[in-house]
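# Remarks on the overall topology
Chain by chain, the residues:
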Amino acid sequence: MAQRFAPATPKFPHMLHGGDYNPEQWLDQPEVLEEDIRLFRKAHINCVSLGIFSWAKLEPEEGVYDFGWLDEIIDRLYANGIYTVLATPSGARPQWLAQKYPEVLRVRPDGLRNFYGHRQNHCYTSPLYREKVTQIDTLLAEHYANHPAVILWHISNEFGGECHCELCQAAFREWVQKKYGTLDKLNHAWWANFWSHTYTDWSQVHSPSPVGETSVHGLDLDWRRFVTHQTIDFMKTEIAAVKAVNPDIPVTTNMMTMYTYELNYFAFRDALDVISWDNYPEWHNPYMGNEEVAKDCAMTHDMMRSLQKKPFLLMECTPNATNWQGVSKLKKPGMHQLSVIEAVAHGADSGQYFQLRQSRGSCEKFHSAVISNTGTENTRTFREVTDIGTVLEQLSDRVYGSGTPAETAILFDTENKWALDKCQGPRNIGLDYFGNIRRNYSYFWKNGINVDIIDSTFDLSGYKLVIAPMLYLFRDGIQEKLRRFVRDGGTLVTTCFTGVVNDTDLSFLGEATGDKLSDVLGLWVEEVDSLYDCESNRTTWNGKSYSLKELCEICHPTTCETLAVYETDFYAGKPVLTKNQFGKGVAYHVSASADTDFFHALYAKLAAACDLTYAIRTAVPDGISLTWRQSDTEKLIFVQNFGDSAAAVQLDQPYENVLSGETVSGSLNIEKYGFAVLAKQI
Ligand code: GLA
Ligand code: ZN
């Protein structure tokens with residue numbers, strides 16, 4: 001079996017199918033475990049995530065441990081061929097712990113300490129919390145890290161949020177002091193002389209708060225960087241505890257979406273062995289078609305894969321409806337399988353769920369599960385889960401560990417997102433960074449050109465095309481990286497509101513400066529017009545007319561060539577699309593928030609100019625998205641239909657249909673919410 005990447009889970013090197021399992025809720029009914037095992041086997045479930053919220057059962061009183069129940073469950077599952085992804089229980093702590101040590105409870109931005117409750121509601125700085133977590137993690141590792149069933153550590157659960165307690169304030173001050181060294185440097189970086197907010201003592205440094213400082217944007221950025229740093233530091237203490245016992249069991253933590261407010265996930269990548277995430281899209285919603293939903297999912301899958309440029313795990317998705325979205329809709333027949341396949345198509349080596357058995361009470365009792373409270377396998381959800389379990393089993397030998405080579409990268413930078421969220425002007429009703437990314441991503445998603453989603457800290461060599469939509473904040477060093485990329489022959493695309501501020505949110509000075517990449521783009525920007533939602537400008541390029549919304553920059557070409565211009569308003573005739581030869585490469589700039597069609601046209605041209613690899617060279621019908629993975633011996637093409645009717649894809653040559661074993665050629669029909677995996681030898 002040819003593999004490109006070392007297995008994510010070496011002890012069980014196969015596509016994982018399973019998910020969160022909370023048997024601690026059912027310990028007084030042993031027949032439940034019995035039945036669950038029978039049903040897991042029937043549904044082709046080969047792994048379960050255990051212990052995520054089990055701390056109160058593992059340590060019912062301080063220093064009193066009970067692992068017997070978990071021993072039995074792990075052993076029984078293993079005897080039935082089911083492996084364990086074992087969690088550290090730090091995501092939710094027991095009542096006794098918070099009652100005895102209130103410092104573990106999180107403090108809100110307004111200074112109020114939370115009561116006990118909920119989860120991920122603790123202070124990541126508290127030495128006491130770290131000590132208690134390390135104790136239980138160490139004991140768990142001593143007990144299970146050499147168990148043959150345990151294949152992966154699931155560190156905590158969905159890290160998130162921030163704490164404003166005195167311990168965190170002290171840690172933040174230390175972090176800031178280390179970063180800046182002197183108060184002069186700090187005051188300059190944060191432009192603190194504005195409104196007389198000059199810091200005269202380090203003790204004045206305090207986290208942003210709605211009842212305190214919200215106006216210093218540099219402070220805000222640094223606070224978010226600190227929260228990310230502190231969360232990773234906390235996670236690393238957990239990783240150290242489990243690795244001390246057996247360094248060979250890989251670690252992961254389950255992330256959320258790509259635009260999480262608090263955390264910069266890119267900064268997590270070096271601390272983990274495997275990236276995993278939890279995907280909860282709103283399929284079948286009335287305001288955004290399934291194709292758009294699928295595009296957003298794909299983009300996040302691509303980002304998760306790009307973090308370590310290797311296969312990741314889909315740690316959670318819902319088997320049917322969630323219970324926490326505004327309207328928790330059922331997944332219509334077929335959508336569950338298709339959405340799992342979409343993850344695999346973009347580089348996942350698993351399909352895992354929240355949850356395997358439904359809770360009977362508390363706030364998630366209406367969340368769907370593989371085994372619902374009806375207790376029967378005679379459900380649509382169970383059948384669809386079983387079907388995709390069978391598919392994953394069939395695909396495993398061919399797909400597991402295969403790569404997703406990308407010649408194109410889109411820069412999505414979390415620090416840039418933070419800065420844009422805060423920037424006050426030019427359009428406070430929304431700069432829509434995410435929408436800008438999505439519009440640039442769309443062509444590639446649709447047509448089967450693989451894309452990495454990376455941030456400003458990544459190496460750009462090896463890419464043919466790099467797209468940096470709305471990269472307002474230039475983190476240190478990104479100018480030189482982009483400059484070298486173009487000079488060496490790469491193609492760069494930037495869009496409006498790029499290169500406005502530096503790493504600490506200070507505006508760059510001067511008109512045509514290298515700080516703003518003016519040399520590479522061959523232009524400088526004089527003004528930016530903001531449009532109301534009901535307004536638009538237009539441009540015509542290659543005979544087609546496109547709508548421009550939100551932001552319109554007024555640029556002055558220096559060395560660039562103008563390819564398209566504004567058609568209305570006082571800046572009619574000014575450039576919308578420019579092209580600048582720089583060194584061996586070329587840089588394009590799109591000076592307004594152009595529509596998706598515009599970017600489809602632009603990238604169709606650039607894909608040809610850069611000779612990018614397509615999954616299949618074909619006209620892709622509505623509803624269909626293509627992508628591909630590659631092992632040492634074959635290219636695997638995923639044809640997915642998110643549309644509401646069947647669609648036919650014209651194949652450019654005969655392929656093996658991996659699931660049916662047949663050779664397919666000519667026109668390949670894909671049912672509504674259907675998919676096919678095609679293979680060709682390389
Ligand atoms: C998250 C959590 C799970 C569960 C699901 C519900 O992803 O990690 O514990 O709450 O959401 O959708
Ligand atoms: Zn704290």
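In this text the structure is predicted, and so the values were computed from the model without any measurement. (Residues numbered from 1 in each chain as written. Chains lettered and ligands numbered in written order. Predicted model: local features only at pLDDT ≥ 70, side-chain atom pairs only at ≥ 80, totals over all residues. Heavy atoms only, no water.)

## Some thoughts on the overall build of the protein
- For the protein, the helix and strand inventory stands at 16 helices and 27 strands.
- Computed over the C-alpha atoms, the radius of gyration of the protein is 26 Å, within 12% of the 26 Å expected from 2.2 N^0.38 for a compact globule of 682 residues.
- Each principal axis of the C-alpha distribution contributes one length, and for the protein these read about 75 × 75 × 40 Å.
- Considering the protein as a whole, with its 682 residues, one finds that 61% of them fall into the buried category.
- Split by element, the accessible area of the protein, about 25500 Å² in all, is 50% carbon and sulfur.
- When the 62 positive and 86 negative side-chain charges of the protein are each reduced to one mean point, those points stand 2 Å apart. (Helix = DSSP H or I, 4+ residues; strand = E, 2+ residues; numbered from the N terminus. Rg over C-alpha atoms; globule rule 2.2 N^0.38 Å. Buried < 20%, exposed > 50% of the residue type's maximum accessible area, 1.4 Å probe, protein only. Areas by Shrake-Rupley, 256 points an atom, 1.4 Å probe, with all protein chains shown as cover. Lys, Arg positive; Asp, Glu negative; His and termini not counted. Charge placed at Lys NZ, Arg CZ, Asp CG, Glu CD.)

## A few points about the domain arrangement of the protein
- For the protein, the domain assignment lists domain 1 (16-399), domain 2 (408-610) and domain 3 (624-681).
- If you average the C-alpha positions of domain 1 and of domain 3, the two centres end up 33 Å apart.
- Listed by partner, the interface residues are 25 residues for domain 1 and 19 residues for domain 3.
- Between domain 1 and domain 3 lies a buried interface of about 1800 Å² when both sides are counted; carbon and sulfur atoms form 64% of it.
- By the criterion of area lost to domain 3, the three top residues of domain 1 are Leu-338, Ala-345 and Arg-398, representing 38% of everything that side buries.
- Summed over the shared surface of domain 1 and domain 3, the number is three salt bridges.
- For Asp-349, the salt bridge goes to Arg-629, with nearest N and O atoms at 2.8 Å.
- Remark: the boundary between domain 1 and domain 3 carries eight residue pairs in polar contact (both at pLDDT 80 or more).
- Of all elements in the fold, only helix 9 (290-308), helix 10 (335-345) and helix 11 (380-399) reach the threshold of two or more residues within the side of domain 1 that touches domain 3.
- Among the elements that line the side of domain 1 that touches domain 3, the one with the most residues is helix 10, at seven residues.
- Taken together, the residues that form the side of domain 1 that touches domain 3 break down as 13 nonpolar, seven polar and five charged. (Domains from an automatic or database assignment. Contact = heavy atoms within 4.5 Å. Buried area = accessible area lost by both parts, 1.4 Å probe. Salt bridge = Lys/Arg side-chain N within 4 Å of Asp/Glu carboxyl O. Polar contact = N/O pair within 3.5 Å; in protein donor to acceptor, adjacent residues only side chain to side chain. Nonpolar A, V, L, I, M, F, W, Y, C, P; charged D, E, K, R; others polar.)

## Digging into the site of ligand 1
- Residues in contact with ligand 1, as listed here, are Phe-53, Arg-119, Asn-157, Glu-158, Asn-254, Asp-278, Tyr-280, Glu-316, Trp-324, Phe-354, Glu-364 and His-367.
- Note that an oxygen atom of ligand 1 is positioned 2.8 Å from one of the side-chain N or O atoms of Arg-119.
- Isolated, ligand 1 exposes 310 Å² of accessible area, and the fraction of that covered by the protein chains is 96%.
- Across the shell around ligand 1, the residue classes tally to four nonpolar, three polar and five charged. (Near = heavy atom within 4 Å.)

## Description of the packing of helix 13 (residues 433-447) against helix 16 (residues 596-610)
- Between helix 13 and helix 16, the least distance of the axes is 8 Å, while the angle of their chain directions is 55°. With respect to helix 16, the axis of helix 13 lies oblique. Between helix 13 and helix 16 lies a crossing whose hand is right-handed. In this structure, helix 13 uses Arg-439, Asn-440, Ser-442, Tyr-443, Phe-444 and Lys-446 to contact helix 16, whose residues at the interface are Thr-596, Phe-599, His-600, Tyr-603, Ala-604 and Ala-607.
- Its residues placed into classes, the contact of helix 13 with helix 16 shows six nonpolar, four polar and two charged. (Axes fitted to C-alpha atoms, helices over the stretch in contact; angles between N-to-C directions. Parallel < 35°, antiparallel > 145°, perpendicular 65-115°, else oblique. Left-handed = near helix turned anticlockwise from the far one by under 90°.)

## Focus: the sheet that holds strand 7 (residues 276-279)
- Strand order in the open sheet made by the three strands is 6-7-8, with parallel pairing throughout. In the strand order of this sheet, the two ends are held by strand 6 (254-255) and strand 8 (313-317), each with one partner.
- In this structure, strand 6 lies alongside strand 7, joined through two bridges in parallel fashion. Within strand 7, the residue paired with Asn-254 across the bridge is Ser-276.
- The sheet contacts of helix 9 involve strand 6, strand 7 and strand 8, and relative to strand 7 the element is tilted by about 170°. (Pairing = 2+ DSSP bridges.)

## So, the coordination of the zinc ion (ligand 2)
- Surrounding the zinc ion (ligand 2) are the protein donor atoms Cys-123 (SG), Cys-163 (SG), Cys-165 (SG) and Cys-168 (SG), at 2.3 Å.
- Taken together, the four donor atoms coordinating the zinc ion (ligand 2) and their angles of 100 to 116° define a geometry best described as tetrahedral.
- Of note, the donors binding the zinc ion (ligand 2) are all from one chain and are spaced C-x39-C-x1-C-x2-C. Of the two residues examined, Cys-163 and Cys-165, each falls in the buried class. (Donors = N, O, S within 2.8 Å, 3.2 Å for Na, K, Ca; no water. Tetrahedral: all angles 85-135°; square planar, octahedral: opposite > 155°, others 65-115°.)

## Here we look at the pairing of strand 15 (residues 537-541)
- Side chains Asn-537, Thr-539 and Trp-541 of strand 15 all project onto a buried face; the interleaved residues Arg-538 and Thr-540 project onto a face where none is buried.
- Pairing of strand 15 with strand 16 (residues 544-557), which is carried by five bridges, proceeds in the antiparallel orientation. Opposite Trp-541, over in strand 16, you have Lys-544 as the bridge partner.

## Concerning unusual backbone geometry
- A cis geometry characterises the amide bond from Phe-354 onward to Gln-355, with omega recorded as 15°.
- Within the fold, Gln-355 resides in the loop between strand 9 (350-353) and helix 11.
- In this chain, Gly-425 is followed by Pro-426 through a cis amide linkage whose omega measures -5°.
- Of note, Pro-426 is situated in the loop between helix 12 (414-422) and helix 13.
- Backbone geometry places Glu-158, a non-glycine residue, at a positive phi of 45°.
- Along the chain, the position of Glu-158 falls in the loop between strand 4 (150-154) and helix 6 (166-180).

## Some thoughts on a nonpolar patch on the surface
- Side chains of Trp-191, Phe-194 and Trp-195 sit close together on the surface and give an oily, nonpolar patch of about 420 Å² of accessible area.
- Looking at the secondary structure, you find Trp-191 in the loop between helix 7 (183-189) and helix 8 (217-245). (Patch = residues over 30% accessible without salt bridge, like charges linked within 9 Å, V, L, I, M, F, W, Y side chains within 5 Å.)

## Side note on the packing of helix 10 against helix 11
- For the pair helix 10 and helix 11, the least separation of the axes is 9 Å and the interaxial angle reads 25°. The angle between helix 10 and helix 11 falls in the class roughly parallel. Here helix 10 and helix 11 pass one another in a crossing that is right-handed. Across the interface between the two elements, Met-335, His-336, Gln-337, Val-340, Ile-341 and Val-344 of helix 10 pack against Glu-384, Val-385, Asp-387, Ile-388, Val-391, Leu-392, Leu-395 and Val-399 of helix 11.
- Residue composition of the contact of helix 10 with helix 11, by class: ten nonpolar, two polar and two charged.

## Observations concerning the sheet that holds strand 24 (residues 655-657)
- In space, the five strands of this open sheet follow the order 21-22-27-24-25, with antiparallel pairing throughout. Each edge of the open sheet carries a strand with a single partner, namely strand 21 (624-630) and strand 25 (663-664).
- In the sheet, strand 21 pairs with strand 22 (residues 634-641) via seven bridges, with the strands oriented antiparallel. Paired with Ile-624 across the bridge in strand 22 is Asn-641.
- Strand contacts of helix 11: strand 21, strand 22, strand 24 and strand 27 (675-681), with the helix running at about 145° to strand 22, the strand carrying the most contacts.

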